[in-house]
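Single-letter residue listing:
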Amino acid sequence: MTRAPFTIRNGREDDLPYLNAYAFAEGMDSLPSAEAVRVAVNDEDVPVGFLRIRRGDDGVAHVNPVVTCATWRGWGVGRALVEEALERFGELRLVARGESIPFYRALGFQELGWDDIASPIASECDGCEMYGECQPLPMGRRLP
Ligand SMILES: CC(C)(COP(=O)(O)OP(=O)(O)OC[C@H]1O[C@@H](n2cnc3c(N)ncnc32)[C@H](O)[C@@H]1OP(=O)(O)O)[C@@H](O)C(=O)NCCC(=O)NCCS
């Protein structure tokens, strides 16, 4: 399959208008900064997707979130961002929105319990009015 050209680099403050527009379109909160953010950029260095890592108290890296710009979906951007993070951290956990569960399953993630998720991240779903529609699922993958 032909792959669209993109590369991955550290996020920068001047990327935030793009990243927050992509987050907003998904009903997600804005990123407070570019810290712990990796971005996929096109051949003009324009962000087409991003992944942010948040660490739990136990140090485990959590994906929160990964988003690909709608027009770039299906070109391997999300997979590349997640696999690169997995290589760096060795283990990733997250709460998958119901719609994104097939994506994470395609990447080899498996179901976890809510207790496996860092509490500030797990608690984001507490009382959310979209819970029933979203059907979030704790998931994770660890490299052998
Ligand atoms: C989930 C998301 C990040 C996927 O990004 P993407 O760049 O389109 O994903 P990729 O092109 O890298 O796809 C990787 C694999 O997942 C599969 N996949 C992706 N979305 C899928 C879906 N909805 N159903 C089934 N499979 C899916 C692809 O077929 C691909 O499989 P392959 O590599 O074996 O061929 C993107 O759809 C998105 O930004 N969604 C909105 C935000 C969101 O829900 N983020 C996740 C919650 S934190």
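Computed from a predicted model, the values in this text were never measured in an experiment.

Draft legend 1. Region of the structure containing the pattern of salt bridges. A full pass over the atoms with the stated rule returns 11 salt bridges. Note that Arg-9 and Asp-15 form a salt bridge whose closest N and O atoms lie 2.9 Å from each other. Considered together, Arg-9 and Asp-15 belong to a single accessibility category, that of buried residues. For Arg-9, the salt bridge identified is with Asp-45, shortest N-O distance 2.9 Å. Here the residue Arg-9 occupies a position in strand S1 (residues 7-10), and Asp-45 occupies one in the loop between strand S2 (37-41) and strand S3 (47-55), the gap between them amounting to 36 residues. Residue classification places Arg-9 among the buried residues on the basis of a relative accessible area of 15%. Each of Arg-9, Arg-12, Asp-14, Asp-15 and Asp-45 takes part in one network of salt bridges that share partners.

Draft legend 2. Quick peek at the sheet that holds strand S7 (residues 137-142). If you trace the seven strands from one edge of the open sheet to the other, you get S1-S2-S3-S4-S5-S7-S6, paired in mixed fashion. Among the strands making up the open sheet, the edge pair consists of S1 and strand S6 (110-111). With respect to the sheet, helix H1 (residues 16-25) is in contact with S2, S3 and strand S4 (61-68), its orientation differing from that of S3 by roughly 80°. Against the sheet, helix H2 (residues 77-89) makes contact with S1, S2, S3, S4, strand S5 (91-96) and S7, and its axis sits at roughly 30° relative to S3, the strand it touches most.

Draft legend 3. Seen up close, the nonpolar core. Residues Leu-51, Val-63, Leu-92, Tyr-104, Phe-109 and Met-139 are the most contacted members of the largest nonpolar core, which totals 22 residues. Elements supplying a minimum of two residues to this core: S3, S4, H2, S5, helix H3 (101-106) and S7. The contacts of Met-139, once residues within four sequence positions are left out, are Leu-92, Arg-93, Leu-94, Ala-96, Ile-101, Tyr-104, Arg-105, Phe-109, Gln-110, Glu-111, Leu-112 and Ile-117. By size, the runner-up hydrophobic cluster in this structure holds 12 residues, among which are Leu-16, Val-37, Val-41 and Phe-50.

Draft legend 4. Structural view of the site of the ligand. Around the ligand lies a shell of 21 residues, among which Val-66, Gly-74, Gly-76, Gly-78 and Arg-79 are the nearest. The contact in question runs from an oxygen atom of the ligand to an N or O atom on the backbone of Gly-76, over 2.9 Å. In the environment of the ligand, an oxygen atom lies 2.7 Å from a nitrogen or oxygen atom belonging to the backbone of Arg-79. With respect to the pocket detection grid, the ligand is positioned in the largest pocket. Mapped onto the shell around the ligand, the elements with two or more residues apiece are S4, H2 and H3. Class assignment of the residues belonging to the shell around the ligand gives a composition of 11 nonpolar, five polar and five charged.

Draft legend 5. Quick look at the state of the cysteines. In the structure shown here, the tally under the stated rule is zero disulfides. With no disulfide partner, Cys-134 has as its closest neighbouring cysteine sulfur the one in Cys-125, 6.4 Å distant. According to the relative accessible area criterion, Cys-134 is partly exposed, its value standing at 26%.

Draft legend 6. Main features of the packing of aromatic side chains. Evaluation of the coordinates by the stated rule reveals two aromatic pairs. Pairing Tyr-104 with Phe-109 gives two aromatic rings, centres 5.4 Å apart and planes at 65°, and the pair type is edge-to-face. Of the two residues, Tyr-104 and Phe-109, both sit in the buried class. An aromatic cluster of at least three residues, connected via ring pairs, comprises Phe-103, Tyr-104 and Phe-109.

Here is what the cut-offs are and how they apply
Residues numbered from 1 in each chain as written. Predicted model: local features only at pLDDT ≥ 70, side-chain atom pairs only at ≥ 80, totals over all residues. Heavy atoms only, no water. Salt bridge = Lys/Arg side-chain N within 4 Å of Asp/Glu carboxyl O. Buried < 20%, exposed > 50% of the residue type's maximum accessible area, 1.4 Å probe, protein only. Helix = DSSP H or I, 4+ residues; strand = E, 2+ residues; numbered from the N terminus. Pairing = 2+ DSSP bridges. Contact = heavy atoms within 4.5 Å. Axes fitted to C-alpha atoms, helices over the stretch in contact; angles between N-to-C directions. Core = buried A, V, L, I, M, F, W, Y, C linked by side-chain atoms within 4.5 Å. Near = heavy atom within 4 Å. Polar contact = N/O pair within 3.5 Å; in protein donor to acceptor, adjacent residues only side chain to side chain. 1 Å grid on protein atoms, 1.4 Å probe; cavity = no way out; pocket = protein on both sides within 12 Å on 5 of 7 lines; lining within 4 Å. Sits in = over half its atoms within 2 Å of the grid points. Nonpolar A, V, L, I, M, F, W, Y, C, P; charged D, E, K, R; others polar. Disulfide = S-S within 2.5 Å. Phe/Tyr/Trp six-rings, centres within 6.5 Å; stacked < 30°, edge-to-face > 60°.

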